[in-house]
Amino acid sequence: MHNLMGMLQSMVDMIFVGRISPMSVAAVGVGMQYIGLLYAAMSLFYVGTNALVSRFVGAERPEDAGRVTANMFGFALVFSIPIFLFGLTKAAFLFNMLGIKGEVAAIGSSYMSIFSFTVPLLFMQGVLYSSLNAYGKTKLPFYIGIFGNIVNTILDYGLIFGNLGMPEMGVEGAAWATVFTKCVELSIYIYICVVRKEIVITPKFAPDLLKRAIKVGFPTWMERMLTFPSYLVLSALIAKYSTEALAGYQIGLRVEGLAFMPGVGFIIATMSLVGQNIGALRPDDAEKDAITAVYAASFVMGVVGLSMFFFPGTLASLFTDDQTTINEASVYLRIMGISQIPLGIFFVMSGALRGAGDTRTTLVVNVISIWGFRILPAFLLVSAGVPIIWVYLVATAETCIKASVLVGIFRKGRWKTIKV
C-alpha cells in the first residue's frame, strides 16, 4: 500500500497540472518517466537491502540485519549525489535526447531541475523503507505515505495556483511541493527507525555485508536500468503521432499506476516473505506464500484492469478537460486493462525469485522481453505508420509472454537452493 501512496502523489500532481494545459501534462508526464528511471536506479538498494535483511531476520541475526541497513543507507547517500547534480544541471538534455523540444521541453526541464533535489532523500528513504518491509512492518510506510499525500496535496493546491497565501508557480510549484513532502517523509522515517528503534540499525562499517547486499541487488539494478529506458523510447515513438497522443499516453500511465503500484507492493511483500522463509530454512512455505500472493495480486490488479477497460474516459477526465487528450488516453487504457492480471503474475514471480536471491533470471527475461517483443515491434509499427492501437496491443502481448516464462522458471524450483 505504500507504493499506492507514492503513485497517488504522482496522480495528484498530474491532476492539478492537467488544469493548466495539455503541454504541461505532456511535459510533466515525460519528466515523471525520467523519475521512473531514478526509481530503477534505486532498485539496487530496495532489493539488496530487502533480500539480505529479510534473511537475517528469518535467521534471527538482528545485528547483521542492522549492519546491512546502516551500510546501505550510507552508500545510498553517496550513490545519489552524482544523479542529483546531473538532474539539476542537465534536465534539458534529457528532453532533447528524446527529440522533444519547444514549450514541452522547457516546462519539463524546469520541473526536472527542481525535482532533482529529492534524489538523495528518495535513495536514503528507500533503504529504511526496505528494511521496515523486511522486518514485516509494512503498516508504518503506509501511514507515512498517507501523511505525505496530505502534505503534497495541500502544497500542490497552494503552489501551483497561488492559493492559501502561497505564490503561484504553475508546474514548478508541483515540483517544489514534492521536494518539501519528501523532506518531511524522510524525517519521519529517521525518527521511527533511529529514535523509536522500530528496526535494528548498527552504525558499523561492514564491507563484507555491503558487498553481499550490492551483489544480490546488482542484477535487478541492471535489469531496471536496461529496461526502463524502453519506456522513454516508447514515449518518443508515441510523440511522433501528436502532442495530444503523448499527453494521452502519459495520462494513461498515471491511471495504470493504480494497478502497477499495488503490484510493486506485492513484489516487496513477496520478496520479504520468501527471503524470511528461505533464511529460516522453510523453502516450501516460501513457495506457498508466493502462490498465495499470485492470487491476491491477480484479484487486485484484475479489478483495476476492468475499471480501465470499461471506464477509460471517466478515469482520463480526472487529469484533463481536453477531449482529444481524453480520447487518446482511453485507447491506451482499454488495451492495457487487458494486461493487468498477467502483469500481476509477473510482479509476484519476479518478487519471489528476487527474494530467494535469483535476481539474474529476472534480469535476462525482462531485458530480452522488453526490447525484443515490445520496443522493436513498436518501432517497426510506428515506422510503417500503423494506428497507435497496434503499438499498445504489442505491449500487452509482451506482458503475457514474460509472465508465462517466469511462471515456468518458478515451478522448476531451482530458486530454493540459491546462496546469497
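Remember, predicted model here, so these are calculated numbers, not experimental data.

Caption draft 1: Local environment of the overall build of the chain. A count of helices and strands for the chain gives 17 helices and 0 strands. Against the globule reference of 22 Å for 420 residues, the chain gives a C-alpha radius of gyration of 21 Å, in line with a compact fold. Dimensions along the principal axes, computed over C-alpha positions, put the chain at roughly 55 × 50 × 35 Å. Buried positions account for 57% of the 420 residues belonging to the chain. Looking at the chain alone, contacts between residues at least 24 apart form 83% of all its contacts between residues at least 6 apart. Surface exposure of the chain reaches about 16,700 Å², of which carbon and sulfur atoms provide 69%. Side chains of the chain carry 30 positive and 23 negative charges; the gap between the two charge centres is 10 Å.

Caption draft 2: Fine view of the side chain of Asn-149. Turning to its location among the elements, Asn-149 is positioned in helix H7 (residues 139-161). Judged by its relative accessible area of 10%, Asn-149 falls in the buried class. Within the structure, Asn-149 has its side chain in polar contact with the backbone nitrogen of Gln-9 (distance 3.2 Å).

Caption draft 3: Looking closely at the packing of aromatic side chains. Applying the stated criterion across every chain yields a total of 20 aromatic pairs. Centroid distance Phe-45 to Phe-79: 5.4 Å. Interplanar angle 70°. Geometry classified as edge-to-face. Placement of the pair is Phe-45 in helix H2 (residues 22-58) and Phe-79 in helix H3 (residues 62-89), with a sequence separation of 34 residues. Counting every residue linked through ring pairs, the aromatic cluster contains Phe-45, Phe-75, Phe-79, Phe-123, Phe-218 and Trp-221. In this structure, Lys-402 is placed above the aromatic ring of Phe-346, and the distance from its NZ or CZ to the ring centre is 4.7 Å.

Caption draft 4: Broad picture of the nonpolar core. Of all hydrophobic cores here, the largest spans 98 residues; its most connected members are Tyr-34, Val-68, Tyr-111, Met-112, Phe-123 and Leu-234. No other element matches the 19 residues that H2 contributes to this core. Leave out the neighbours within four places in its chain, and Tyr-34 touches Leu-94, Phe-95, Met-97, Leu-98, Met-112 and Leu-232. Phe-266, Ala-290, Ala-293 and Leu-353 belong to the second largest nonpolar core, which has 25 residues in total.

Caption draft 5: Local environment of the pattern of salt bridges. Using the criterion set out here, one finds 13 salt bridges in the structure. Across the salt bridge formed by Lys-182 and Glu-185, the nearest N and O atoms sit 3.2 Å from each other. A residue pair is termed a helical-turn pair when its members lie 3 or 4 positions apart in one helix, as Lys-182 and Glu-185 do in helix H8 (residues 171-195) at 3 residues. A residue is classified by how much of its surface remains accessible, and Lys-182, at 7% relative accessible area, is buried. Residue Glu-185 is classed as buried on the basis of its relative accessible area, which comes to 3%. Between Glu-398 and Lys-402 there is a salt bridge, with the nearest N and O atoms lying 3.5 Å from each other.

Caption draft 6: Up close: a nonpolar patch on the surface. There is a patch of nonpolar side chains on the surface, built from Leu-77, Ile-81, Leu-85, Leu-88, Phe-117 and Trp-176 and spanning about 460 Å² of accessible area. Among the elements that line the nonpolar patch, the one with the most residues is H3, at 4 residues. Take Phe-117: it is sitting in the loop between helix H5 (102-115) and helix H6 (119-134).

Caption draft 7: Spatial organisation of the packing of H7 against H8. Running from N to C, H7 and H8 point in directions that differ by 155°, and their axes come no closer than 8 Å. Viewed along their axes, H7 and H8 adopt a mutual orientation that is roughly antiparallel. Note that H7 runs across H8; the crossing there is right-handed. On the side of H7, the interface is formed by Leu-140, Pro-141, Ile-144, Gly-145, Phe-147, Gly-148, Val-151, Asn-152, Leu-155, Asp-156, Leu-159 and Ile-160, while H8 contributes Gly-173, Ala-174, Trp-176, Ala-177, Thr-178, Phe-180, Thr-181, Val-184, Glu-185, Ile-188, Tyr-189 and Ile-192. Taken together, the residues of the contact of H7 with H8 break down into 16 nonpolar, 6 polar and 2 charged.

Caption draft 8: Molecular detail of H3. With 28 residues, H3 should reach 40 Å at 1.5 Å per residue; the first-to-last C-alpha distance of 41 Å fits that figure. If you look at H3, its biggest bend is around 30°, right at Ser-80, and the proline Pro-82 turns up within four residues after that. For H3, the complete set of buried residues consists of Asp-64, Ala-65, Gly-66, Arg-67, Val-68, Thr-69, Asn-71, Met-72, Ala-76, Ser-80, Phe-84 and Gly-87.

Caption draft 9: Inspection of the environment of Ser-383 at higher detail. Within the secondary structure, Ser-383 is located in helix H16 (residues 359-384). What makes Ser-383 exposed here is its relative accessible area of 52%. Measuring from C-alpha to C-alpha, the distance between Ser-383 and Lys-240 comes to 9.6 Å, with 143 residues separating the pair along the chain.

Caption draft 10: A look at the confidence of the model for the chain. Confidence in the prediction for the chain averages 88 pLDDT; 98% of positions are at 70 or higher. Within the chain, the element-level pLDDT minimum falls on helix H1 (residues 2-17), averaging 73, and the maximum on H8, averaging 95.

Caption draft 11: Broad picture of the packing of H3 against H6. At a closest axis distance of 8 Å, the pairing of H3 and H6 adopts a crossing angle of 155°. As far as their axial angle goes, H6 and H3 are roughly antiparallel. Crossing handedness for the pair H3 and H6: right-handed. Residues Thr-69, Met-72, Phe-73, Ala-76, Leu-77, Phe-79, Ser-80, Ile-81, Ile-83 and Phe-84 of H3 touch H6, and the partners they reach there are Val-119, Pro-120, Phe-123, Met-124, Val-127, Leu-128 and Ser-131.

Caption draft 12: Quick peek at unusual backbone geometry. The backbone of Leu-164 shows a phi angle near 60°, a positive value even though the residue is not glycine. Turning to its location among the elements, Leu-164 is positioned in the loop between H7 and H8. One non-glycine residue, Leu-281, adopts positive backbone phi at about 60°. Considering the arrangement of structural elements, one finds Leu-281 in the loop between helix H11 (243-279) and helix H12 (283-310).

Parameters at a glance
- Residues numbered from 1 in each chain as written.
- Predicted model: local features only at pLDDT ≥ 70, side-chain atom pairs only at ≥ 80, totals over all residues.
- Heavy atoms only, no water.
- Helix = DSSP H or I, 4+ residues; strand = E, 2+ residues; numbered from the N terminus.
- Rg over C-alpha atoms; globule rule 2.2 N^0.38 Å.
- Buried < 20%, exposed > 50% of the residue type's maximum accessible area, 1.4 Å probe, protein only.
- Contact = heavy atoms within 4.5 Å.
- Areas by Shrake-Rupley, 256 points an atom, 1.4 Å probe, with all protein chains shown as cover.
- Lys, Arg positive; Asp, Glu negative; His and termini not counted.
- Charge placed at Lys NZ, Arg CZ, Asp CG, Glu CD.
- Polar contact = N/O pair within 3.5 Å; in protein donor to acceptor, adjacent residues only side chain to side chain.
- Phe/Tyr/Trp six-rings, centres within 6.5 Å; stacked < 30°, edge-to-face > 60°.
- Lys NZ or Arg CZ within 6 Å of the ring centre and 35° of its normal.
- Core = buried A, V, L, I, M, F, W, Y, C linked by side-chain atoms within 4.5 Å.
- Salt bridge = Lys/Arg side-chain N within 4 Å of Asp/Glu carboxyl O.
- Patch = residues over 30% accessible without salt bridge, like charges linked within 9 Å, V, L, I, M, F, W, Y side chains within 5 Å.
- Axes fitted to C-alpha atoms, helices over the stretch in contact; angles between N-to-C directions.
- Parallel < 35°, antiparallel > 145°, perpendicular 65-115°, else oblique.
- Left-handed = near helix turned anticlockwise from the far one by under 90°.
- Nonpolar A, V, L, I, M, F, W, Y, C, P; charged D, E, K, R; others polar.
- Expected span 1.5 Å × (residues − 1).
- Bend = angle between axes of the 7 residues up to and from the residue.
- pLDDT = per-residue confidence, 0-100.

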